[in-house]
Amino acid sequence: MEIQLTWLGHATWKIQAGDHTILLDPFLNDSPVAPVNADEVKADVILVSHGHFDHVADVASIANRCNAHVVAVYEIAQWFQANHDVKLATGMNLGGTFKLPLEGISASVKMTPAVHSSQLPDGSPGGVAAGFILTIESKKIYFACDTALFSDMQLIGRSGIDVAVLPIGDLFTMGIEDSILATGFIDPKQVLPTHYNTWPPIEADTTLWAEKIKTETGAHPVVLEPGETHIV
Ligand code: NI
Ligand code: MN
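All residue numbers refer to positions counted from 1 along the written sequence of the respective chain. Ligands are numbered from 1 and chains lettered from A, in the order in which they are written. With the structure being a predicted model, the display of local features is reserved for residues of pLDDT at least 70 and the display and counting of side-chain atom pairs for 80 or more, all residues being used for whole-chain, interface and lining totals. Only hydrogens and water are removed before side-chain values are computed, so all heavy atoms of the structure are retained for them.

A.B. asks: Any chance you could explain the overall build of the protein here in plain terms?
C.D. replies: Only DSSP runs of H or I covering at least 4 residues are called helices, and only runs of E covering at least 2 are called strands; the numbering of each starts at the N terminus. Along its length, the protein carries six helices and 14 strands. Taken against the 2.2 N^0.38 rule, which gives 17 Å for 232 residues, the C-alpha radius of gyration of the protein at 16 Å falls within 12% of a compact globule. Once the C-alpha set of the protein is aligned to its principal axes, its extents read approximately 50 × 40 × 30 Å. Between two residues, a contact is recorded if the distance between any of their heavy atoms is within 4.5 Å. Once local pairs closer than 6 in sequence are excluded, the contacts in the protein between residues at least 24 apart make up 56%. None of His or the chain ends enter the tally, which takes Lys and Arg as positive and Asp and Glu as negative. Here the site of a charge means NZ on Lys, CZ on Arg, CG on Asp, or CD on Glu. Charge centroids of the protein, computed over 12 positive and 27 negative side chains, lie 9 Å from each other. Here the globule rule is a power law, 2.2 Å times the number of residues to the power 0.38, and the radius of gyration is based on C-alpha atoms.

What follows is the structure in structure tokens.
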């Protein structure tokens, strides 16, 4: 099955598999780099990695308009149901796997650790920050989400990752140097950068990054502009 992976700027990704649309961390209306507004996207499932504004801002409006199923760590799933009238939400936790409610395809997410904080915009505690391994049919895509480098990425690599999506913007997450080490740990076939060039403090040189990936890892770098799609 062809999977279309589209970068919507910052840390927002759209994964299209057949008729089904999965969104990760929709942050569109207040993002200076998003190619679309929140009311222009559709979703069947919305994955939320942690509680920070630049990851949750447009989750509720899209979920409520599209009747999408929100998947997040337990505290965040509860927060959306209690405070934003989200009807369909599954709370899970690190290490767990959830079979996505998408008819006609086999798709699941495993929630992986992320080394990061997770307070929600109103100050509520958002539990722990997470990443996701998204498995669709035989393809595995690892979204590290907001995280520092951690050595257990080697264990994530053992599950056989086809595509890794890693933050490179530094300051709030790992930067370029650590993303090279992370790629070595995960050993994916392809790697894409995320969480950079949204604002000046997280500017990153993707030409330098891609060169380092090519020379220092066994992975193929794929750099997208916001709005561009990579076929997995
Ligand atoms: Ni964050
Ligand atoms: Mn962030």
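A.B. asks: I would appreciate a short explanation of helix α6 (residues 206-216) in the present structure.
C.D. replies: Each α-helix winds once per 3.6 residues, and so residues spaced three or four apart point in a common direction. Those residues of α6 not exposed but buried are Thr206, Trp209, Ala210, Lys212 and Ile213. Buried residues of α6 fall within an arc of 160° about the axis and therefore sit on the same side. Facing away from the buried side of α6 by over 90 degrees, the exposed positions are Thr207, Lys214 and Thr215. Considering only its buried residues, α6 is in contact with α5 (176-186), β12 (190-194) and β13 (220-221). Counted as a polar contact is a pair of N or O atoms within 3.5 Å, where, for protein atoms, one must be capable of donating a hydrogen and the other of accepting one, and residues adjacent in sequence contribute only when both atoms are in side chains. Where α6 starts, the residue carrying a side-chain oxygen 3.0 Å from the main-chain nitrogen of threonine 207 turns out to be aspartate 205. For each residue, the accessible area found with a 1.4 Å probe, counting protein chains only, is set against the maximum for its type, and the residue is called buried under 20%, exposed over 50%, and partly exposed in between. Regarding the arc, it is the one traced by the directions from the helix axis to the C-beta atoms.

A.B. asks: Even after reading the chapter, I still don't get the side chain of aspartate 54, so can you show me in this structure?
C.D. replies: Mapped onto the fold, aspartate 54 is located in helix α1 (residues 53-56). Basic side-chain nitrogens of Lys or Arg form a salt bridge, by our definition, when they fall within 4 Å of a carboxyl oxygen of Asp or Glu. It turns out aspartate 54 is buried and unbridged, and the closest side chain with the opposite charge, arginine 65, is 20 Å from it. Within the structure, the side chain of aspartate 54 is placed 3.3 Å from the side chain of histidine 195, a separation counted as a polar contact. Excluding residues within four positions of it along the chain, aspartate 54 makes contact with His10, Asp25, Phe27, Asp146, His195 and Trp199.

A.B. asks: What should I look at first to understand the pairing of strand β6 (residues 89-92) in this one?
C.D. replies: Where a strand is regular, its side chains alternate between the two sheet faces. What makes two strands pair is DSSP finding at least two bridges between them. In the sheet, strand β5 (residues 69-73) pairs with β6 via four bridges, with the strands oriented parallel. Residue pairing for β6: valine 70 is matched across the bridge by alanine 89. In terms of handedness, the path from β5 via helix α3 (residues 74-84) over to β6 forms a crossover that is right-handed. Throughout, right-handed denotes a crossover for which the path from the first strand over the helix to the second runs clockwise when the strands point away from the viewer.

A.B. asks: How should I be thinking about empty space enclosed by the protein in this particular structure?
C.D. replies: To find leftover empty space, a probe the size of one water molecule is rolled over the atoms. In this analysis the probe radius is 1.4 Å and the grid spacing 1 Å, with only protein atoms considered; a cavity is a set of points the probe fits into but cannot get out of, a pocket is an open set with protein on both sides within 12 Å along at least five of seven lines, and lining residues have an atom within 4 Å of a point. Grid points are joined across faces, edges and corners, and a volume is the space filled by probe spheres set on the points. Applying the stated rule across the entire model yields one cavity of 30 Å³ or more. Taken together, Ala11, Trp13, Leu24, Phe143, Cys145, Asp146, Val165, Pro167, Thr194 and His195 make up the lining of the largest cavity. Throughout this entry, Asp, Glu, Lys and Arg are counted as charged residues, while Ala, Val, Leu, Ile, Met, Phe, Trp, Tyr, Cys and Pro are counted as nonpolar. The remaining residues, Gly among them, count as polar. Of the residues assigned to the lining of the largest cavity, the class counts are seven nonpolar, two polar and one charged.

A.B. asks: Honestly, the coordination of the nickel ion (ligand 1) in this entry has me stumped. Any pointers?
C.D. replies: Any two of four tetrahedral donors ideally make an angle of 109.5 degrees at the metal, while pairs among six octahedral donors ideally make 90 or 180 degrees. Atoms are scored as donors when they are N, O or S and lie within 2.8 Å of the metal, with 3.2 Å used for Na, K and Ca; no water is included, so coordination may look incomplete. Around the nickel ion (ligand 1), the protein contributes the donor atoms His50 (NE2), His52 (ND1), His116 (NE2) and Asp146 (OD), which lie 2.2 to 2.4 Å from the metal centre. Irregular is the default label, applied whenever a site is not tetrahedral (four donors, all angles between 85 and 135 degrees) and neither square planar nor octahedral (four or six donors, opposite donors over 155 degrees apart, all other angles between 65 and 115). Geometry at the nickel ion (ligand 1) is irregular, judged from the four donor atoms that bind it and their angles of 90 to 178° at the metal. Sequence spacing of the donor residues for the nickel ion (ligand 1), all on one chain, is H-x1-H-x63-H-x29-D. If you look at the nickel ion (ligand 1) and the manganese ion (ligand 2), they sit 3.1 Å from each other and are both ligated by aspartate 146.

A.B. asks: Whenever I open this one, the sheet that holds strand β10 (residues 139-143) confuses me. Can you help?
C.D. replies: By definition, the strands of a sheet pair up through backbone hydrogen bonds, in either a parallel or an antiparallel sense. Read across the sheet, seven strands follow the order β7-β8-β9-β10-β11-β12-β13 without closing on themselves; strand pairing throughout is mixed. The open sheet has two free edges, formed respectively by β7 (97-99) and β13, since each of these has just one partner strand. One ladder, built from three bridges, connects β10 with strand β11 (residues 163-167); its direction is parallel. Each residue of the ladder has a partner; that of phenylalanine 143, found in β11, is valine 165. α5 contacts β10, β11 and β12 of the sheet and is inclined by roughly 155° relative to β11. Under this scheme, a helix contributes an axis fitted over its contacting stretch, all axes are lines through C-alpha atoms, and angles between N-to-C directions fall in the 0 to 180 degree range.

A.B. asks: What am I meant to see in the coordination of the manganese ion (ligand 2) here?
C.D. replies: In this structure, Asp54 (OD), His55 (NE2), Asp146 (OD) and His195 (NE2) serve as the protein donors to the manganese ion (ligand 2), at separations of 2.2 Å. In terms of primary sequence, the donors binding the manganese ion (ligand 2) are separated according to D-H-x90-D-x48-H. Owing to a relative accessible area of 14%, aspartate 54 belongs among the buried residues under this scheme.

A.B. asks: Just to check I follow, could you spell out the pattern of salt bridges for this structure?
C.D. replies: It is possible for side chains bearing opposite charge to pair when their charged atoms get close. Applying the stated criterion across every chain, the model contains four salt bridges. Among the ionic pairs, aspartate 44 bridges to lysine 42, the shortest N-O distance being 3.9 Å. With relative accessibility at 28%, the residue aspartate 44 sits in the partly exposed group.

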